[in-house]
Amino acid sequence: MIVLRDRRVILLLLALLCFRYRAEAQLEAWRHIGIEGMANGNVTALTEGPDGFMYFGTHEGVDVFDGRRFHHIEVPHRLELGINPFVNSLRWSAGGLLWVSTRSHIYTYNVNTGTVRVIYGGLAGQLPGTVEVDTVRRCLYILHARDVDVYRYTDTSLTFLRHKELQPQVETALINGKLYINQQPGHIVCLSDTTLETICKLPFIKDFEYLPRQQALILLTSGGLQLLDLTTKKLTTLRIPVPWSLTSAKTHITVLATGQVAIHYDDGFSILNKVTDTTLINFARDDKNPWRLHGTFVTVTETDHRGNLWCAEDGVGVAVLPRAPSVKYLPAAEIGSPRLWRAYHDTARRQVIVSSEKGLCAIRYNADKITYKNMIRPAGMSAFEVMDFLALSPGKVMVVTNGQGNWIVDLSTYRFEPYPSANAGFSAARFWGVKQKNSSECIFYGPVGAYLLNRDNGRASEIKKEGTAGNSEHYAALSVLIDKGQYWIGGGTGIDLLDSNFHLLKQYGNKSAPSLRGLNNSVVLDIKRAQDGNIYVATMGGGVFRLSKADTFCQVPLAGDAANIYCIERVDAVHLIITTSKGMCLYNTRTGKSRMLNKGNGMPVADFNQLALGIDPQFIIGAGADGVLLMNTADAVSYFYDTARLQVMQGARAVRTLTLQKGNHTLDADIAITGFTGNSAWKLEYMVDGVDDEWRQMAPGEWHIHYNSLKPGDYTLRVQAIDEQGVTYVQPVAIPITALPFFWQTSWFRLLLLVVSLGLLIIIVRFFSQAQLKWKLKKLEDEQKVIRERLRISRELHDNVGSQLTSLIAGLEGTGILLRKQQPELLQKKLDHLHSSARESMHQLRDSIWALNTEAVALSALLLRFETWLNGIMQSYPDISINITNNVTADSMLDPVKSLNLFRIMQESVHNVLKHAHATTVDITYTAGADALTIQVKDNGRGFDTAAANGHGTRFMRARAQEMAANLAVESAKDQGTNITLNLELK
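Residues numbered from 1 in each chain as written. Predicted model: local features only at pLDDT ≥ 70, side-chain atom pairs only at ≥ 80, totals over all residues. Heavy atoms only, no water.

1. Considering the overall build of the protein
The line we're drawing: Helix and strand assignments come from DSSP, with helices taken as H or I runs of at least 4 residues and strands as E runs of at least 2, each series counted from the N terminus. Three labels apply to residues, based on accessible area from a 1.4 Å probe with only protein chains included: buried if under 20% of the type maximum, exposed if over 50%, partly exposed otherwise in between. Should any heavy atoms of two residues lie within 4.5 Å, those residues are considered in contact. Where accessible areas are quoted, they stem from the Shrake-Rupley method and a 1.4 Å probe; at the residue level, only the protein chains shown are allowed to cover.
Looking only at helices and strands, the protein has 10 helices and 73 strands in total. Considering the protein as a whole, with its 987 residues, one finds that 50% of them fall into the buried category. Pairs at least 24 residues apart make up 52% of the contacts formed inside the protein by residues separated by at least 6 positions. Accessible area of the protein: about 47,200 Å², with a carbon and sulfur share of 52%.

2. As for the pattern of salt bridges
Definition in use: We define a salt bridge as a contact between a side-chain nitrogen of Lys or Arg and a carboxyl oxygen of Asp or Glu at a distance within 4 Å.
With the rule as written, the count across this model stands at 10 salt bridges. Across the salt bridge formed by D670 and R69, the nearest N and O atoms sit 2.4 Å from each other. Taken together, the positions of D670 in strand β61 (residues 667-674) and R69 in the loop between β4 (61-65) and β5 (70-72) put the pair 601 residues apart, joining distant regions of the chain. Of the residues examined, D670 reaches a relative accessible area of 13% and is grouped as buried. Within the structure, one salt-bridge network assembled from shared partners comprises D526, K528 and E569.

3. Here's the deal with empty space enclosed by the protein
Our working rule: Cavities and pockets were defined on a 1 Å grid built from protein atoms only: a cavity is a group of points that admits a 1.4 Å probe but offers it no way out, a pocket is an open group of points flanked by protein on both sides within 12 Å along at least five of seven lines, and a lining residue is one with an atom within 4 Å of any such point. Grid points are joined across faces, edges and corners, and a volume is the space filled by probe spheres set on the points. Ten residue types, Ala, Val, Leu, Ile, Met, Phe, Trp, Tyr, Cys and Pro, are classed as nonpolar, four, Asp, Glu, Lys and Arg, as charged, and the remainder, Gly among them, as polar.
One pass over the full model with this rule turns up two cavities of 30 Å³ or more. For the largest cavity, the calculated volume is near 50 Å³. Lining the largest cavity are I905, M906, S909, I935, V937, I980, T981 and L982. For the lining of the largest cavity, the per-class residue count stands at six nonpolar, two polar and no charged.

4. So, the nonpolar core
Let me state the cut-off plainly: Residues enter a nonpolar core if they are buried and are Ala, Val, Leu, Ile, Met, Phe, Trp, Tyr or Cys, with the set joined through side-chain atoms within 4.5 Å.
Counting residues in hydrophobic clusters, the biggest one holds 38 residues, and the most contacted among them are F866, L870, L902, I924 and L933. Of all the secondary structure elements, the ones that give two or more residues to this core are α8 (859-874), α9 (896-917), β70 (921-928), β71 (932-939), α10 (952-963), β72 (967-972) and β73 (978-985). Leaving out residues up to four positions away in the same chain, L902 has contacts with L862, L894, L933, I935, M964 and L982.

5. Looking at the sheet that holds strand β60 (residues 658-660)
By way of backbone hydrogen bonds, the strands of a sheet pair with one another, either parallel or antiparallel. Condition: Two strands pair under a simple rule: DSSP has to find at least two bridges between them.
A sheet is described by the order of its strands in space; here five strands give the open sequence β60-β66-β65-β62-β63, paired in mixed fashion. Edge positions in the sheet fall to β60 and β63 (696-697), since each of these pairs with one other strand and no more.

6. Considering the sheet that holds strand β38 (residues 433-436)
The condition is simple: Only C-alpha atoms enter the line fits that serve as axes; for helices the fit covers just the stretch in contact. Angles between N-to-C directions range over 0 to 180 degrees.
Within the open sheet, the five strands sit side by side as β38-β39-β40-β41-β42. Their pairing is antiparallel. Two strands in the sheet have a free side with no partner beyond their single neighbour: β38 and β42 (472-474). Recorded for the sheet is a direction-independent mean angle of 35° between the axes of neighbouring strands. Here strand β39 (residues 441-446) runs beside strand β40 (residues 449-454); their pairing, made up of six bridges, is antiparallel. Opposite G446, over in β40, you have G449 as the bridge partner.

7. Structural notes on the environment of L179
Position of L179 relative to the elements: it lies in strand β15 (residues 178-184). Put simply, L179 and C190 are 11 residues apart on the chain and 5.6 Å apart in space, counted from C-alpha to C-alpha. When neighbours within four sequence positions are excluded, L179 is seen to be in contact with E132, Y141, L143, V148, T172, A173, L174, V189, C190 and L191.

8. A look at a nonpolar patch on the surface
Which entries qualify depends on this criterion: Here a patch means residues that are over 30% exposed by relative accessible area and free of salt bridges, tied together within 9 Å if like-charged and within 5 Å if nonpolar (Val, Leu, Ile, Met, Phe, Trp, Tyr).
Where nonpolar side chains cluster on the molecular surface, the patch consists of F743, W744, W748, L752, V756, L760 and I763 and spans about 740 Å² of accessible area. In this structure, W744 sits in the loop between β66 (733-739) and α6 (747-821).

9. Details of the packing of α9 against α10
We apply this condition: Convention used here: angles under 35 degrees read as roughly parallel, angles over 145 as roughly antiparallel, angles from 65 to 115 as roughly perpendicular, and any remaining angle as oblique. By convention the crossing between two helices is left-handed if the near helix lies anticlockwise of the far one by an angle smaller than a right angle, and right-handed if it lies clockwise.
For the pair α9 and α10, the least separation of the axes is 9 Å and the interaxial angle reads 160°. One element, α9, and the other, α10, form an angle in the roughly antiparallel class. The crossing of α9 and α10 is left-handed. Residues V897, N901, R904, I905, E908, S909 and N912 of α9 form the contact with α10, whose participating residues are G953, F956, M957, R960, A961 and E963. Of the residues in the contact of α9 with α10, the class split is five nonpolar, four polar and four charged.

10. A few points about the side chain of E441
With respect to the helices and strands, E441 occurs in strand β39. The class for E441 is buried, based on a relative accessible area of 17%. Not counting the four nearest positions on each side in its chain, E441 is found in contact with Q436, L452, L453, N454 and R455.

11. Quick notes on the packing of aromatic side chains
The criterion, for reference: Pairing of aromatic rings covers Phe, Tyr and Trp, the last through its six-membered ring, and needs centres within 6.5 Å; plane angles under 30 degrees mean stacked, over 60 mean edge-to-face, and all others mean tilted.
Tallied over the entire structure, the rule returns 23 aromatic pairs. Relative to F160, the ring of Y151 lies with its centre 5.4 Å away and its plane at 75°, an arrangement referred to as edge-to-face. Judged by its relative accessible area of 11%, Y151 falls in the buried class. Ring plane angle 85° and centroid distance 6.2 Å describe the contact between W748 and F749, whose orientation is recorded as edge-to-face. With a relative accessible area of 21%, F749 lands in the partly exposed category. Three or more aromatic residues joined by ring pairs make a cluster, and in this case those are F56, F65, F70 and W310.

12. Here's the deal with the pairing of strand β45 (residues 495-498)
By the alternation rule, side chains of β45 split into I495 and L497 and D496 and L498, which are all buried. Bridge count for strand β44 (residues 486-490) against β45 is four bridges, and the pairing is antiparallel. Residue pairing in the sheet places W488 in a bridge with L497 of β45. Hairpin connection between β44 and β45: a loop of four residues separates the two successive antiparallel strands, and G494 in this loop has a positive phi of roughly 125°. Relative to strand β46 (residues 504-508), β45 runs antiparallel, the two being bridged by four bridges. By the bridge assignment for β46, L498 is matched with L504. Taking the residues between adjacent antiparallel strands as the criterion, β45 and β46 are bridged by five residues, where F502 takes a positive phi near 65°.

13. What to know about unusual backbone geometry
The residue R138 is not glycine, and still its phi comes out positive at about 55°. Judged by its relative accessible area of 31%, R138 falls in the partly exposed class. Phi is positive for S709, close to 50°, though the residue is something other than glycine. With respect to the helices, strands and loops of the structure, S709 is situated in the loop between β64 (704-707) and β65 (713-722). Of the residues examined, S709 reaches a relative accessible area of 62% and is grouped as exposed.

14. Quick notes on the pairing of strand β8 (residues 105-110)
Of all six residues making up β8, six are buried, and the element is well covered by its neighbours. A two-sided burial pattern is seen for β8, the buried positions comprising H105, Y107 and Y109 on one face and I106, T108 and N110 on the other. The sheet contact formed by strand β7 (residues 97-102) and β8 spans five bridges and is antiparallel. Note on β8: the bridge partner recorded for L97 is N110. Counted between consecutive antiparallel strands, the loop separating β7 from β8 contains two residues. One ladder, built from five bridges, connects β8 with strand β9 (residues 116-121); its direction is antiparallel. Bridge pairing in β9 links T108 to R117. Taking the residues that link successive antiparallel strands as the turn, the β8-β9 hairpin has five residues, and the phi of G114 there is positive, at about 75°.

15. Some remarks on the packing of α8 against α9
Interaxial distance between α8 and α9 falls to 11 Å at its minimum, and their mutual angle equals 25°. Comparing their axes, α9 and α8 come out roughly parallel. For the crossing formed where α8 meets α9, the hand is right-handed. Judged by residue contacts, L862, L863, R865, F866, W869, L870, I873 and M874 of α8 engage S899, L902, F903, M906, Q907, V910, H911 and L914 from α9.

16. Remarks on α10
Definition in use: Here the expected length of a helix is defined as 1.5 Å per residue gap, with one fewer gap than residues. The directions from the helix axis to the C-beta atoms form the arc being described.
In this model α10 runs 17 Å from its N-terminal to its C-terminal C-alpha over 12 residues, within 8% of the 16 Å that 1.5 Å per residue would give. Looking only at α10, the buried set comprises G953, F956, M957, R960 and A961. End-on, the buried residues of α10 take up no more than an arc of 125°, which puts them together on one face. Counted as exposed and oriented over 90 degrees from the buried face of α10: H952 and Q962. At the exit of α10 stands A965, carrying a positive phi of roughly 60°.

Purely geometric numbers; function is a separate question.
Below you can see the structure in the form of structure tokens.
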């Protein structure tokens, strides 16, 4: 088998196998995919995407291979934009962005969204083919025939940075932000920022590529393959023959993702595993061998992350060579026995000892020199079936046979000596295994029972079961675990746990102890304690069990649903390797996940024997009926990587979620399985949670999923793949689905409709309730208004007209007295005063009627009426000077009550000055805007003490100010005059 990754090769076991590896490397079965479904079979570029798909650039654009079929990436408006679809190069940048360079344009394809954007193109000249993407600096280098343009890029646009003239160039390599260019056939130059430095000059350089591990360029020159160290600039010629022609346009080299170098030429291509190798692995067409390549010219090659080798044959199609596994399988026929049991790794002598029915086979390895010795057994014996090994001392091991005694084998000379102490009591007994108890004692176990042997004195004592009524019986032991001074012995009816003196402590799975559940009388073939501290048990027909904290065994689910479990071994701190009847399983004790290897995905054998698994720091050794399997321990976990991966596809894009738009609830999707496991007989099952009650089976060759008229809501599409042996080691997928409803189908709309209906009902009820309440309030308010008007009118008449009439009545009574006393002068004065009072009462009554009969009174009209009243009354006080300052900037309308109250307060403030202040000057100031009115009446009279004063006039003014929600301030002091200020909000 061809091995594409040297680090995975197990030191080239067997010289014969080495010869077969090199001589028959081409005989590996290529998987020919063909060109069916491709837009064009002429492949010009090949790369693996972050989604695990292979992307092919062709003469007609880009095709995506999902492991089953090709999908063409359509470029919107390609014809209208005049895009030449011939792909020159494919480059990846961060975020799953594929940069596609054609002969006329550059466009990007986002693998996550399936979006295509044209970034560059439409120039008069053509792009010659090379685009380099610097994902760290986010720079794009576009190479033309004689120059290179540098751009800063985003996901949707380019920004030009610089232009550099060059001589005709062929190849490029972008290394750590520097662009290396084959400027002329023979000159390697480095473009860094704006500087151009010559790195190497040779007579002729056909092609070059970058080797990241060596930090060097590998050059295809007229002198063969040469290595240019970029640090030292040292040039080294590799010892590789040159079977290709440098004059052919088809000759070029490619560095694969594995670090190997592929050399392409007219009749095929070759693989150079390492630069230190002296030979190549050649691949060419051979009509006599259908497993070889079909075409005569391989245009491009690449390896994917699994190590599979891909190549595109010119016009013929695509072929893939599955990764050669890091295992070696030695067939039983080659070893010389049809049945193999155990294997033992002798690290000191670098050899593997394998047991069979007829003897031992020793495989010694030393670098690439391997010796092979078969049928090692004691002289004169035709049958020598070794069941187990036990190391005694450096260079010597004891072998336990199936009825042929127990022997000591010298691992250097392969000489056999009977083991007297082990043969004294049971030389012909059939044992299946032996466990080391301490330096001098060991336990033999098998169908004849379990025995404790003291190797120093040869004494053997049988370990017996404790029965009832003093009876005892033999242990038919299939497995033994010595752990923490206790002994776990497994047999056909479960497990017995014994103390250090072999007294029974517990029984698991025995009918006599129904309270200790879990094993159900399974046949226990192996017992191991993992590094996590748990006890794991392998059973025949029941699977694997783990001892829980509740002291009962619980089932451990394994990939492949294997029931017959043979052996369990610890490979590292987290993983167990388990051999089953369906292959080999890797179990993660921390996560509970497992992966299966079998004939369907790289394992050369599926069935293992009961004792046939051993693990040491270098090898995992498993033996079965047909041969021996050897794996590197260091590569074990990576080898169990799931090479097959289920994908749910819509077009060329793998989806992680699905959204069905409103009005179109039809689910259509395809299933793809990426990875090349050599298995084409997949059985696919799928179901949609909430729709299906059980798995739906797909017919052979069917890959499409279809559902009609899903109801709006959230679902989960589940898909699983089962191989022809019933193993489900491919990780199932679960895709969330959202079927978008119309807005009237949503729960929020129904809730909103309910809330709106309740709200409308509440509004209607409240409307009528408030209407009725408003009617009652209005009726009550009208009644209150009538009452208030009556009170207001009565108070007005009482305060003004009433008081004046009272004064007139008192005056008339006084005139009668003067008339009887016959005092005409006094009588005349009294009559004049009464006449004046009657006239004043008439004026006040008219003012009240004027104010109360008007719907609204303008502020300017009110002030004018007040000044008219003031002019009339001041005629009687010629010694008092009145000064009026009008600062009214905006006229306002006052309601009748407010205007009357304001008018009366102004009158009262003037009356108080005229009657009591003995003032000579009165200053009246009006200040009004749109929002407020301030009236100030200030005199220079004798003043009064505001704390002691509580006159009728002041109370009168405060009551009226409070009624119209105004602020009245009275400031006065003895001999300091009086200042009355009224502030009224007009809004």
